[in-house]
Amino acid sequence: MIRRAVLLLLAPLLLCAGAGQAQAAGYRYWAFWERDGDHWVYATQGPSTSRPSDGDVQGFRFAVSEDSADAARPRGEADFGTICAKTPARDGKKRVALLLDFGTKTDAPPGETPPPTRTACAQLSPDATTAEALASAAKPLRYDTNALLCAIADYPEKGCGEQVKSKEQPSTTPKQNKGPSLGLWAGAAAIALLAAATTWQVRRRG
């Protein structure tokens, strides 16, 4: 009974010790956003199915994110009047403002440098998609076999939604000086307790 109780105690402690070593993962990709008033909203459709209206502002941000809740928003001027000021309205056409944020050096793939953030005003047919707006203003685009947008204006040159380690705060303690974690100490104590209990049971039976 004592051995079983100690094992039950030991299991969660070892699990906790292992959990401290786990690293969350993120993905390096182009996040698609739509402007709603004065703030960005993560798009619920992909560029190939989204059909913006005349006067809409849409943004793309390249970054490492775990999911849509963690995704970084586009930076820079996101006002339709400013972006499309030099593109006069035309009958039978719509204008869509695009903000393209290529991200930071930290989020860039190894060996690549992100271009500066830029804007564009795409003038299209009324039923055109966001993908068509991008194609008219930010070639070349690159997609994978599942129609995932991999590159805008040829950035990045390689990769497509690959998994990467999440950004972590560097430790201030040198690696070689780190002592055992609390979970490992607790695990060792539980093992010692199990050994002592077993020895006591053996002596008692003898």
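Anyway, here's the lowdown on the structure attached to this text. What you see is a predicted model, and the numbers here were worked out from it, not measured in a lab.

Quick word on the side chain of Thr-87
For step 1, the next point in the chain: In this structure, Thr-87 sits in the loop between α2 (80-83) and β4 (94-101).
For step 2, the next point in the chain: According to the relative accessible area criterion, Thr-87 is buried, its value standing at 18%.
For step 3, the next point in the chain: Setting aside anything within four residues of it in sequence, one finds Thr-87 in contact with Arg-95, Cys-121 and Gln-123.

Some details on the packing of aromatic side chains
For step 1, the next point in the chain: For the structure on display, the rule yields six aromatic pairs.
For step 2, the next point in the chain: When the ring of Phe-102 is compared with that of Tyr-155, the centres are 5.9 Å apart and the planes differ by 70°; the resulting orientation is edge-to-face. With Phe-102 in the loop between β4 and β5 (118-124) and Tyr-155 in the loop between β7 (149-151) and β8 (163-165), the pair connects residues that are 53 residues apart, well separated along the chain. The exposure classification of Phe-102 matches that of Tyr-155, with both residues buried.
For step 3, the next point in the chain: Aromatic rings pair up to connect Trp-30, Phe-62, Phe-102 and Tyr-155 into one cluster.

Things to note about the state of the cysteines
For step 1, the next point in the chain: For the structure on display, the rule yields two disulfides.
For step 2, the next point in the chain: Here Cys-84 is linked by a disulfide to Cys-121, with a sulfur-sulfur distance of 2.1 Å. Handedness here is read from the sign of the S-S torsion; for Cys-84 and Cys-121, about 100°, the answer is right-handed. Separated by 37 residues along the polypeptide, Cys-84 in the loop between α2 and β4 and Cys-121 in strand β5 bring together distant segments of the chain. Side by side, Cys-84 and Cys-121 carry an identical accessibility label, which is buried.
For step 3, the next point in the chain: Each sulfur in the disulfide pair Cys-150 and Cys-160 lies 2.0 Å from the other. Between Cys-150 and Cys-160, the S-S dihedral sits near -70°, and the bridge is therefore left-handed. One end of the pair, Cys-150, is in strand β7; the other, Cys-160, is in the loop between β7 and β8, with 10 residues separating them in the sequence.
For step 4, the next point in the chain: Judged by relative accessible area, Cys-150 falls into the buried class, the value being 5%.
For step 5, the next point in the chain: For the protein chain, numbering the cysteines in disulfides from first to last along the sequence yields the connectivity 1-2, 3-4.

Thresholds applied
Residues numbered from 1 in each chain as written. Predicted model: local features only at pLDDT ≥ 70, side-chain atom pairs only at ≥ 80, totals over all residues. Heavy atoms only, no water. Helix = DSSP H or I, 4+ residues; strand = E, 2+ residues; numbered from the N terminus. Buried < 20%, exposed > 50% of the residue type's maximum accessible area, 1.4 Å probe, protein only. Contact = heavy atoms within 4.5 Å. Phe/Tyr/Trp six-rings, centres within 6.5 Å; stacked < 30°, edge-to-face > 60°. Disulfide = S-S within 2.5 Å.

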